Amino acid sequence: MGKQRILSGIQTTGALHLGNYLGAIRNWVELQKEYDNFLFMADLHAITVPHDPAKLAENTFKVAATYIACGIDPERSTIFVQSHISAHSELAWLLNCITPLNWLERMIQFKEKSIKQGENVSIGLLDYPVLQAADILLYEPDQVPVGEDQKQHLELTRDIATRLNFQYGAEESPILKIPEPLIRAEGARVMSLTDGSRKMSKSDPSEMSRIELLDPPEVIQKKIKRCKTDPIRGLTFDDPERPECNNLLGLYTLLSNQSKESVAAACRDMGWGQFKPLLTEAMIETLRPIQQQYQTLLAEPGHLESVLRQGREQAEVIANQTLAKVKTALGFSIPL
Ligand code: TYM
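Calculation criteria
- Residues numbered from 1 in each chain as written.
- Predicted model: local features only at pLDDT ≥ 70, side-chain atom pairs only at ≥ 80, totals over all residues.
- Heavy atoms only, no water.
- Helix = DSSP H or I, 4+ residues; strand = E, 2+ residues; numbered from the N terminus.
- Rg over C-alpha atoms; globule rule 2.2 N^0.38 Å.
- Buried < 20%, exposed > 50% of the residue type's maximum accessible area, 1.4 Å probe, protein only.
- Areas by Shrake-Rupley, 256 points an atom, 1.4 Å probe, with all protein chains shown as cover.
- Lys, Arg positive; Asp, Glu negative; His and termini not counted.
- Charge placed at Lys NZ, Arg CZ, Asp CG, Glu CD.
- Contact = heavy atoms within 4.5 Å.
- Core = buried A, V, L, I, M, F, W, Y, C linked by side-chain atoms within 4.5 Å.
- Expected span 1.5 Å × (residues − 1).
- Bend = angle between axes of the 7 residues up to and from the residue.
- Phe/Tyr/Trp six-rings, centres within 6.5 Å; stacked < 30°, edge-to-face > 60°.
- 1 Å grid on protein atoms, 1.4 Å probe; cavity = no way out; pocket = protein on both sides within 12 Å on 5 of 7 lines; lining within 4 Å.
- Points joined across faces, edges and corners; volume = space filled by probe spheres on them.
- Nonpolar A, V, L, I, M, F, W, Y, C, P; charged D, E, K, R; others polar.
- Polar contact = N/O pair within 3.5 Å; in protein donor to acceptor, adjacent residues only side chain to side chain.
- Pairing = 2+ DSSP bridges.
- Right-handed = clockwise from strand over helix to strand, strands pointing away.

A. Looking closely at the overall build of the protein chain. Tallying secondary structure elements over the protein chain gives 13 helices and five strands in all. Taking 2.2 N^0.38 as the reference for a compact globule, 336 residues should give roughly 20 Å; the C-alpha atoms of the protein chain span a radius of gyration of 21 Å, in line with that estimate. Seen through its C-alpha atoms, the protein chain measures out along the principal axes to roughly 70 × 45 × 45 Å. A total of 336 residues make up the protein chain; the buried ones form 50% of that total. Accessible area of the protein chain: about 16400 Å², with a carbon and sulfur share of 52%. A gap of 3 Å separates the mean positions of the 36 positive and 43 negative side-chain charges of the protein chain.

Dropping the structure here:
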């Protein structure tokens, strides 16, 4: 039996942060040892909110460099750009026509993002999860590794595929494969540094709320020095009254590669003044090699371009096969 397949992606809106790393990319690096990995840059999703055309391609390129700098190996993983493969947009249209509107209107991310945009909210933003379903279903992955915030979008993907199979397929030979979400308990929900009850996000207007993967040491130091804490002495996990404390201890656990038990024991009697430098150091040391590798990759764009070209060739074959299967099932196959 061949390797199982995983697929995932990141929207190319702005710089990636520790939530993207711990909730997604770090797990992909682990998974590429055992799975056949398909990883892409979701640039079509990036235009669902107002964007700057002068920066779109550059951002996509930078996210690709970040994947590789974080340890995604182009020899083991197929890395590609969503907009390079037109099957994504085409399948999204086909899926649109079988997706009930009210399934989309209840998506939490749509509700949150549309409030911020008021009257300018686009159909694209509402349709975001259908494009995401197309991204996933085209590659027939076994698992989709994501952070906790994507759980609802994955459930929707499963619902859309099940509906298409039910309406146009036969029970013994389903058209689309139903994927499983893969959400690790650790790192699945990294919270904002300025409010421990909200997730760390690229779209938060305050840069102080997140650690970006390319933040230099002095910026990390400043952000941790000023991040929100509480006046209680002694640091503990899992206290619902102390969301910031739980988040910062969780970050330290992951970044220093220690167990929760050993961090809990070591920090039980600490104050923030003692803990913050440890956390700062762990962040700087984790990000240092990533930042060095990122600079090397950007200095040789030809290499990155050839990785993306090869990724496109490999991904396109699979995407087109699935698209053809769906078109046939919907009745489009008129021979030319
Ligand atoms: P995006 O760019 O918002 O997030 C990319 C990945 O990072 C995870 N993530 C987090 N994990 C933990 N804590 C956080 N604070 C945090 N913030 C983000 C997300 O869960 C995600 O895994 N819609 C997707 C992009 C996408 C996609 C796909 C993903 C488009 N098509 C198909 C999987 C499969 C997204 O939200 O990206």
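There is more to say, and it comes next.
B. Representation of the environment of F38 in the model. The topology assignment puts F38 in strand β2 (residues 36–42). Beyond its immediate stretch of four places on either side in the chain, F38 contacts R5, I6, L7, S8, T78, F80, Y139, A315 and I318.

C. Inspection of the nonpolar core at higher detail. L18, I25, Y67, L251, F275 and M283 are the most contacted members of the largest nonpolar core, which totals 55 residues. Once you skip the residues sitting within four places of it in the chain, L251 turns out to touch L18, L22, V190, L193, L279 and M283. Of all hydrophobic cores here, the second largest spans 41 residues; its members include F38, L104, F110 and L154.

D. Highlighting helix α13 (residues 301–330). For α13, which comprises 30 residues, the first-to-last C-alpha distance of 42 Å matches the rise-based estimate of 44 Å (1.5 Å per residue) to within 8%. Within α13, the axis deviates most sharply at E316, by approximately 25°. Buried within α13 are the following residues: L304, V307, L308, G311, A315, I318, A319, T322, L323 and V326.

E. Layout of the packing of aromatic side chains. All chains considered together, the criterion is met by six aromatic pairs. Note on F40 and F80: the rings are 5.5 Å apart at their centroids and 25° apart in plane angle, and the pair reads as stacked. Placement of the pair is F40 in strand β2 and F80 in strand β3 (residues 77–81), with a sequence separation of 40 residues. With a centroid separation of 5.3 Å and 45° between ring planes, the pair formed by F80 and Y139 is classed as tilted. Residue F80 is found in strand β3, and its partner Y139 is found in the loop between α7 (123–137) and β4 (143–145); the two are separated by 59 residues along the sequence. We note that F80, like Y139, is buried.

F. Main features of empty space enclosed by the protein. Enumeration according to the criterion identifies two cavities of 30 Å³ or more in this entry. Lining the largest cavity we find M107, Q109, F110, K113, L125, Y128, P129 and H153. Of all the secondary structure elements, the ones that give two or more residues to the lining of the largest cavity are α6 (108–117) and α7. Here the residues of the lining of the largest cavity are counted per class, giving five nonpolar, two polar and one charged.

G. Representation of the environment of S203 within the structure. Mapping S203 onto the fold places it in the loop between β5 (180–182) and α9 (217–226). What makes S203 partly exposed here is its relative accessible area of 43%. Counting along the chain gives 90 residues from S203 to K113, while the straight-line C-alpha distance between them is 9.2 Å. Looking at S203, its side chain comes within polar contact range of the side chain of S201, at 3.0 Å.

H. Highlighting the pairing of strand β1 (residues 5–11). Counting buried positions along β1 gives six out of seven residues, so the element sits mostly inside the fold. Here β1 pairs with β2 via seven bridges, running parallel. In the sheet register, Q11 faces β2, and the bridge partner there is A42. Once you follow β1 into helix α1 (residues 18–31) and on to β2, the crossover reads as right-handed.

I. Broad picture of the environment of I98. If you trace the backbone, I98 turns up in the loop between α4 (87–96) and α5 (101–105). A C-alpha to C-alpha distance of 38 Å links I98 and L304, two positions 206 residues apart in sequence. Filtering out sequence-adjacent residues up to four positions away, I98 remains in contact with I160, R163, L164, Q167 and Y168.

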